[in-house]
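The residues making up each chain are set out below.
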Amino acid sequence: MNRSIACALVVSALVVGTTTASGYLNEQKPMLAATPPMGWSSWNALGCAVDEKAVRGNADAMVASGMAAVGYTYVDIDDCWMAPQRDADGRLQADPMRFPSGIKAIADYVHGKGLKLGIYSSAGVATCENLPGSLDHEKTDAKTFASWGVDLLKYDDCYGEGRPAVERFTTMGRALEASGRDILYSVCAWSEVQPWRWAAATGAHYWRTFSDITDSWDAVVAIADQQAGLGPYSRPNGWNDPDMLEVGNGGMTSDEYRAHISLWALLNAPLMAGNDLRRMDATPHDLLTNREMIAVDQDWGGTQGREVAEEGDLQVWAKPMSSGAAAVVLLNRGTDAGQAYTTAADLGLPRASAWVPPHAAKMLIVAPH
Ligand code: GLA
């Protein structure tokens with residue numbers, strides 16, 4: 001990451017209210033996401049092939065790779081952990097083939113490494129992979145998750161039976177708050193229902209702003225475009241989530257992955273690694289553990305980043321840092337190298353420039369004297 005120093009940057013902080021339209025105070029939910037949550041999720045790399053060996057192995061790798069030391073904490077089991085039927089008492093149970101030890105044993109294992117465990121369900125009669133969902137079982141399921149020692153619930157929006165999303169996600173949010181355990185609440189409802197407008201009031205600590213990412217440059221730039229105008233909805237303990245990372249999954253070049261994670265950091269996105277950490281080579285490792293990138297992601301300067309200027313395929317994205325500096329991403333969306341620069345008009349700064357390779361980005365921290 002390059003650093004450049006310039007002078008006289010004026011950073012304006014956006015004031016965001018904490019009371020939502022429904023009157024629910026943001027402060028009412030436990031402060032579990034003062035900064036954007038960081039961790040790993042099974043979905044992008046493993047899908048339904050997730051099993052307890054993979055979860056333990058990824059927890060091990062999170063520590064051994066140094067990721068835990070730079071802030072990655074949550075080990076999140078996405079869809080397909082549950083058995084096709086509830087137990088005799090109506091509780092969700094782990095798939096006996098892939099999770100024979102049960103979720104509590106995995107939570108204990110993960111906690112023993114100083115990490116936290118995440119799990120997944122859907123605000124519907126089934127998950128997106130057609131396993132049992134939590135609709136009308138919210139209290140039971142929240143209590144079950146708490147009894148297992150779960151620290152994060154990603155709650156999806158498949159098979160909602162046409163019932164209003166706000167109600168379905170609020171019921172689970174209240175059930176989590178009454179569960180007796182602090183459980184980070186991740187709302188996974190897609191852009192069609194505009195979760196950024198209502199998810200904070202359900203008790204969510206972050207919410208998806210796009211449908212599913214894929215391991216491709218087209219997905220990264222499409223998601224980046226989708227964030228326009230969403231800045232005012234994001235804030236400490238209630239973040240916009242442009243989806244889990246694809247860094248290290250093999251579908252993009254190193255430059256493209258660097259652009260992907262740089263943009264996510266600029267957006268104060270939750271940083272959920274989506275690659276198999278057991279098989280990570282140096283490039284994704286270095287991107288995921290880049291301390292300057294993480295510092296940008298974790299810093300709240302009053303608003304998430306946004307695009308501030310563009311010329312053809314070259315874009316300037318910027319976000320204020322709490323220090324008074326600005327984090328800047330110079331993004332080249334095109335297939336030829338180009339010289340991207342910030343201008344006085346963009347940032348209140350003298351011109352600064354850098355060569356940017358195709359499908360790539362440069363992240364800069366621009367500080368006042
Ligand atoms: C949806 C979500 C994904 C993932 C899958 C699991 O598509 O958006 O992030 O959780 O379900 O089935």
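Quick note: structure is the one above.
The present account deals with the structure reproduced in this document. (Residues numbered from 1 in each chain as written. Predicted model: local features only at pLDDT ≥ 70, side-chain atom pairs only at ≥ 80, totals over all residues. Heavy atoms only, no water.)

### Digging into the site of the ligand
Cut-off, in case you're wondering: A cutoff of 4 Å decides nearness: a residue is near a molecule or strand if any of its heavy atoms lies inside that distance of it. Polar contacts, as counted here, are pairs of nitrogen or oxygen atoms within 3.5 Å of one another; within protein the pair requires one atom able to donate a hydrogen and one able to accept it, and residues that are adjacent in sequence qualify only if both atoms are side-chain atoms. Per-residue accessibility takes into account occlusion by the displayed protein chains alone, with areas from the Shrake-Rupley method and a 1.4 Å probe. When residue character is reported, Ala, Val, Leu, Ile, Met, Phe, Trp, Tyr, Cys and Pro are called nonpolar, Asp, Glu, Lys and Arg charged, and the others, Gly included, polar.
Neighbouring the ligand are 13 residues, the closest being Asp78, Asp79, Lys154, Asp156 and Asp212. One nitrogen or oxygen atom from the side chain of Arg208 is found 3.0 Å from an oxygen atom belonging to the ligand. Contact with the protein chains covers 94% of the free accessible surface of the ligand, which is 310 Å². For the shell around the ligand, the residue count by class is six nonpolar, no polar and seven charged.

### Observations concerning the pattern of salt bridges
Inclusion rule: For salt bridges, the criterion is a side-chain nitrogen of Lys or Arg within 4 Å of an Asp or Glu carboxyl oxygen. Only DSSP runs of H or I covering at least 4 residues are called helices, and only runs of E covering at least 2 are called strands; the numbering of each starts at the N terminus. When a residue's accessible area, from a 1.4 Å probe over protein chains only, is under 20% of the maximum for its type it is buried; when over 50% it is exposed; and in between it is partly exposed.
This model, assessed by the stated rule, comprises 19 salt bridges. Salt-bridge contacts for Lys113 lead to Asp60; the nearest nitrogen and oxygen are separated by 3.1 Å. Remark: Asp60 occurs in helix H2 (residues 52–64) and Lys113 occurs in the loop between helix H3 (103–112) and strand E4 (116–122); sequence separation between them is 53 residues. Given a relative accessible area of 31%, Lys113 falls into the partly exposed group. The partner of Asp95 in a salt bridge is Arg98, and the shortest N-O contact between them spans 3.5 Å. Judged by its relative accessible area of 22%, Arg98 falls in the partly exposed class. Linked by salt bridges that have partners in common, Asp87, Asp89 and Arg91 make up one network.

### A short note on the sheet that holds strand E8 (residues 239–241)
As a reminder, the rule being used: Pairing between strands requires that DSSP locate at least two bridges from one strand to the other. Inter-axis angles, ranging from 0 to 180 degrees, are taken between N-to-C directions of lines fitted to C-alpha atoms, where helices are fitted over the stretch in contact.
Read from one edge of the open sheet, eight strands run E8-E7-E6-E5-E4-E3-E2-E9, paired in parallel fashion. Strands at the two margins of the open sheet, each flanked by one partner only, are E8 and strand E9 (271–273). For this sheet the average axis-to-axis angle between neighbouring strands, irrespective of direction, equals 25 degrees. In terms of strand pairing, strand E5 (residues 152–156) meets strand E6 (residues 184–188) through five bridges, oriented parallel.

### Focus on the state of the cysteines
For the record, the criterion: Our working definition of a disulfide is a cysteine sulfur pair at a distance within 2.5 Å.
Inspection of the entire model under this criterion finds two disulfides. Paired through a disulfide, Cys48 and Cys80 show a sulfur-sulfur distance of 1.8 Å. Of the two residues, Cys48 is situated in the loop between helix H1 (43–46) and H2 and Cys80 in the loop between strand E3 (74–76) and H3; the sequence distance between them amounts to 32 residues. Accessibility expressed as a relative area gives 32% for Cys48, which makes it partly exposed. For Cys80, a relative accessible area of 2% translates into the label buried. Disulfide connectivity for the chain, with bonded cysteines indexed by sequence position, reads 1-2, 3-4. Take Cys188: it sits in no disulfide, and the sulfur closest to it among the cysteines is that of Cys128, at 6.8 Å. Residue Cys188 is classed as buried on the basis of its relative accessible area of 2%.

By themselves, these figures tell us nothing about what the structure is for.
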